[in-house]
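Observations on chain architecture
Listed below are the residues making up each chain.
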Amino acid sequence: MFDHRNRDLAAALSSHSSFRDDVLQTLLDEAREQQRSLGELLLARGSISRLELLTAVSTFLGIPFRDPDADPEFEANLSKAQSCIPLEIAQARGVLPLRREGDCLWIAAIDPFDPDLCTDFAHLLGCSVRLELIDPDWVHQQLSHSYSTAPTTSIRESGDASDAPASVIEYVDFLLQTAILDGASDLHLEPMQQSFRIRYRVHGELRHIPTPSRLEGASITARLKVMGHLNVTENRVPQDGRLTVSLQDRQVDVRISTLPTHCGESIVLRFLDQARIPLSLDQLGLPPDMLHAVRKVIRQPNGILLATGPTGSGKTTTLYSALRELDLDGSKLLTVEDPVEFDIDGMVQVQTQASIGLDFARTLRAFLRHDPDTLFIGEIRDAETAKIAVQASLTGHRVFSSLHTQDAAGAVPRFVDLGVEPYLVAAALSGVIAQRLLRKLHPQCSESYVPDDAELDALGLDRVTLAGRPLQRAIAHTPGQHHVDDMGRIGIFEFLPICDALREEISAGASHRQLRTFARRQGMRTLREHGIALLLEGITTSQELLQHLGIAESEPPK
């Protein structure tokens, strides 16, 4: 009883019992020598009754003491309250929810001396929490037996016609299974002022899931934090964790990130399905001439090949496809990633761990002592990583990596912004692929139409180029539902090979626009041109093109 709280218990007994301080000190020394709790020692000797001990603690802490057997409504209130705190959290903190009184939840605890208990659960549940003293052994028994078998309430909204799982655990399992089986890349849980929104992203589009109430949403959040080995009672700072989901003989790694918001904790889960196999370069959708140029750069013995674009544009998939072109048996390939998205035989893969200082730069410095032929850097984010990547390229290594830029030419000023001299960028860089992912149009759920002048201007098209051809758009199947994404997504690309003439421009400090103009005159096909080609073939829609590339601006002539 009251394990690891001998000093606190002695203070309670000193203030509210007949024990003298010297007697208590002797008992404390004896309990320490026997590795027993002070409460257990006192009860075993008959020095104090259980009721007297609990009353002394209650008085010392200033909280009410309750005997469950003396309250005829206790069991009914207990059964109703148990759905307020998920089992995993209750057992982890040794806390038993007793009853709800308006916006206040009464709890009992194995360790009532914990000063942060009520505050932590008030933050977690978004309601007032008050503590009652009940025999800790009885609380432990309830948590071990009765609590785990007590009925739990459905967390789905009443009136929801869909099948509703019966518990928080089942509902979280339902969420994960639904998202993974639908091919989601991430799952978003967002507390709002009066609701709790859950969505998952498939082919770049967020889809809604029927959601529970805000209070029940807090339990879902807590369950996910338990699964991700996060601090369930800390919701004031962001946290990151990971878990593994086993589903239909598949192992899916899940990265979890929390964010404190005005209305509660927002959570995002990112799914990394290790069963996925990276595409080959031929499957990416690169135009034949671009594919040939990219392969030519990959075969070079040294130099940096970059993939650029916003988050979720498929950069990692493209780079892994390029890595598959190499002879993994005859060369040494090291990767540093955050996170490792594909588990590939033949590659030595390292996951960064910021908590212990294992970042991209530190890992790369170690890589260079391991005699690699090729380095894959998940993303160049800072000046040190950029400089080491350039150094590796100039000392005879292939380097594959990604950057967040809007187009291929933007990679050069980005390197300069990171502190790399233009002449070093010119010497190290071999090629840059810029890309986006557009949702494909289902041929059976589309219709032809003639675009108006405003749409053509936004796309950068004219009637001459259109040559009387109609465009395709999605047909609404039901209100608010379109079938533009049933066919998956397709990439649009632009590739900037770094030739000698372009190296001179980079070394001379040419601006982004000047580099883009030069590349266009050298024959570079832009993202928009590739997208318009797919649009005219009826593969995608103008809505997709405008969403990812924006309204067309004047381009320099070829």
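Here we summarise the structure given alongside this text. Note that the structure is predicted; figures quoted are calculated from it, not measured. (Residues numbered from 1 in each chain as written. Predicted model: local features only at pLDDT ≥ 70, side-chain atom pairs only at ≥ 80, totals over all residues. Heavy atoms only, no water.)

Before going further, it helps to examine the pairing of strand β1 (residues 95-101). Burial of β1 is extensive: five of the seven residues sit out of reach of the surface. Of the strand pairs in this sheet, β1 and strand β2 (residues 104-109) are connected by six bridges, and their pairing is antiparallel. Paired with R99 across the strands is W106, a residue of β2. The antiparallel pairing of β1 with β2 creates a hairpin that spans two residues between the two strands, and G102 there sits at a positive phi of about 65 degrees. (Buried < 20%, exposed > 50% of the residue type's maximum accessible area, 1.4 Å probe, protein only. Helix = DSSP H or I, 4+ residues; strand = E, 2+ residues; numbered from the N terminus. Pairing = 2+ DSSP bridges.)

Now for helix α14 (residues 383-394). Between its terminal C-alpha atoms α14 stretches 17 Å, which fits the 16 Å expected from 12 residues at 1.5 Å a residue. Buried within α14 we find T385, A386, I388, A389, V390, A392 and S393. Considering only its buried residues, α14 is in contact with β10 (303-308), α13 (360-367), β13 (374-377), β14 (398-403), α15 (411-417) and α16 (422-428). The N-cap of α14, judged by a side-chain oxygen 3.2 Å from the amide nitrogen of E384 a few residues on, is D382. Downstream of α14 by a residue or two, G396 has a phi angle that is positive, lying close to 100 degrees. (Expected span 1.5 Å × (residues − 1). Contact = heavy atoms within 4.5 Å. Polar contact = N/O pair within 3.5 Å; in protein donor to acceptor, adjacent residues only side chain to side chain.)

Taken as a whole, α13 has its buried residues at F360, A361, T363, L364 and F367. For α13, the arc enclosing every buried residue in end-on projection is 165 degrees, short of the 170-degree limit, so these residues lie on one face. Lining the buried residues of α13 we find β11 (333-337), β12 (348-351), β13 and α14. (Arc of directions from axis to C-beta.)

With that settled, consider the sheet that holds β1. An order of β1-β2-β3 is seen for the three strands of this open sheet, with the pairing classed as mixed. One side of each edge strand has no neighbouring strand; the edge strands of this open sheet are β1 and β3 (128-131). Each strand of the sheet is rotated relative to its neighbour by a mean of 30 degrees, with strand direction disregarded. (Axes fitted to C-alpha atoms, helices over the stretch in contact; angles between N-to-C directions.)

The element strand β5 (residues 196-202) is extensively covered by neighbouring structure, given that five of its seven residues are classed as buried. Here six bridges tie strand β4 (residues 186-191) to β5, and the two strands are oriented antiparallel to one another. If you follow D186 over to β5, its bridge partner there is R201. Sheet topology places β5 next to strand β6 (residues 205-209); five bridges connect them, and they run antiparallel. Bridged to Y200 within β6 is R207.

All quantities given are derived from atomic positions and should not be read as evidence of function.
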